[in-house]
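Reading the structure
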Amino acid sequence: MSQTTFLVTGWSLHLPGVAVGATLAEEIGKPRGNWAWQAAPEPEQASQVLGRKGLLAKEPATRLALCAVHRALGLEPGRRPDRELSVDTAVVVASNLGNVAAVARVAQTVAEEGGGRVSVLDAPNVSSNVIASSVALWFGFGGPNLLVCSGRSAGMDALATAGLLLRANRARRVVLVGAEPDDEVAAGLYDHDTSSVPLRRGAACLVLERHRPSDTAAPVVLDLVRNQRWPHPPRLLVGRRGVVLARQWGEFYGAHDIVALATAAHLVADEGHQTVGVVGDRDRGALVSAASVRRS
């Protein structure tokens, strides 16, 4: 069966209002790492992570994505990233509802007052690729940047796209991000997707590189088994314990798969689990596994 293996050199969760540590403690044992107990600032408080400059008119999903990437890169709170252009770093974002509030707002303004009344600060947010391009510009990533918007499979599709970019040598590393808002417009559209799990705002990030057997630069590898049906919501398999994050945290929609994968990376790198699988029903093996590079 065809596989793609990634070296994971950075990972983060940025989930405002979610008790990550408490959930994991209840399901699989109390996490030792501080990452699980750190509260994530709301989009309106993104300056606590990113610094004060440059956030004017940024949409909530964009702010969440920037915070997740900032943390995945290991930058100190409030520290601006190095502006040197990284031409071999690509950005792939999974988001279905990231800028729908801006689109609705601008469309209403045009309909009621005319195009001349649209704010010059609001107009760029109408671009479907605004989250990916904002991440690329903010951090100086000069490789391809694109948004995957394919419903509940967006996270998995984005991971597969990252693999294509790496295998084609279009990038040396890919910053993979999932981000969704939960504003009134986004929640209204999400409700039409017949889900009983509430939509939650949040973001997650994985920094991926091609893996070679001799690599020891990072503690985690992801193995992606392709051409398989992707389960939703995914279940994390930790030892003999299965954890369905949507039941405790809510639904992150297009970002949900990235949230699951970043959680798996945390559990391997920060909590010492040898392997964490992302699985569907109990009759099938892991579609993605996060494992220690030091596994025997």
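Scroll up to find the structure.
Here goes a summary of the coordinates provided. (Residues numbered from 1 in each chain as written. Predicted model: local features only at pLDDT ≥ 70, side-chain atom pairs only at ≥ 80, totals over all residues. Heavy atoms only, no water.)

1. Some details on the pattern of salt bridges
All told, the structure shown has seven salt bridges when counted by the stated rule. Asp122 serves as the salt-bridge partner of Arg105, at 2.8 Å between the closest nitrogen and oxygen. Here the residue Arg105 occupies a position in helix H4 (residues 100–113), and Asp122 occupies one in the loop between H4 and helix H5 (130–139), the gap between them amounting to 17 residues. A residue is classified by how much of its surface remains accessible, and Arg105, at 34% relative accessible area, is partly exposed. Asp182 serves as the salt-bridge partner of Arg201, at 2.9 Å between the closest nitrogen and oxygen. You can see Arg201 sitting in the loop between helix H7 (184–191) and strand E5 (202–210) and its partner Asp182 sitting in the loop between strand E4 (173–180) and H7, a full 19 residues away along the chain. Accessibility expressed as a relative area gives 26% for Asp182, which makes it partly exposed. Taken together, the shared-partner salt bridges connect Glu42, Asp182 and Arg201 into one network. (Salt bridge = Lys/Arg side-chain N within 4 Å of Asp/Glu carboxyl O. Helix = DSSP H or I, 4+ residues; strand = E, 2+ residues; numbered from the N terminus. Buried < 20%, exposed > 50% of the residue type's maximum accessible area, 1.4 Å probe, protein only.)

2. Examining the packing of aromatic side chains
Using the criterion set out here, one finds two aromatic pairs in the structure. For the ring pair Phe139 and Phe141, a centre distance of 5.7 Å and an interplane angle of 15 degrees mean the geometry is stacked. You'll find Phe139 and Phe141 in the same group, each marked buried. One cation-aromatic arrangement involves Lys30 over Trp37; the distance from NZ or CZ to the ring centre is 5.9 Å. Over the face of the ring belonging to Trp138 we find Arg80, whose NZ or CZ atom lies 4.1 Å from the ring centre. (Phe/Tyr/Trp six-rings, centres within 6.5 Å; stacked < 30°, edge-to-face > 60°. Lys NZ or Arg CZ within 6 Å of the ring centre and 35° of its normal.)

3. Re the pairing of strand E9 (residues 275–279)
The element E9 is extensively covered by neighbouring structure, given that four of its five residues are classed as buried. Sheet topology note: the strand E7 (residues 235–238)/E9 ladder contains four bridges and is antiparallel. Paired with Val238 across the two strands is Val276, which belongs to E9. Where E9 and strand E10 (residues 288–292) come together, four bridges link them in antiparallel fashion. Of the residues in E10, the one forming a bridge with Val278 is Val288. (Pairing = 2+ DSSP bridges.)

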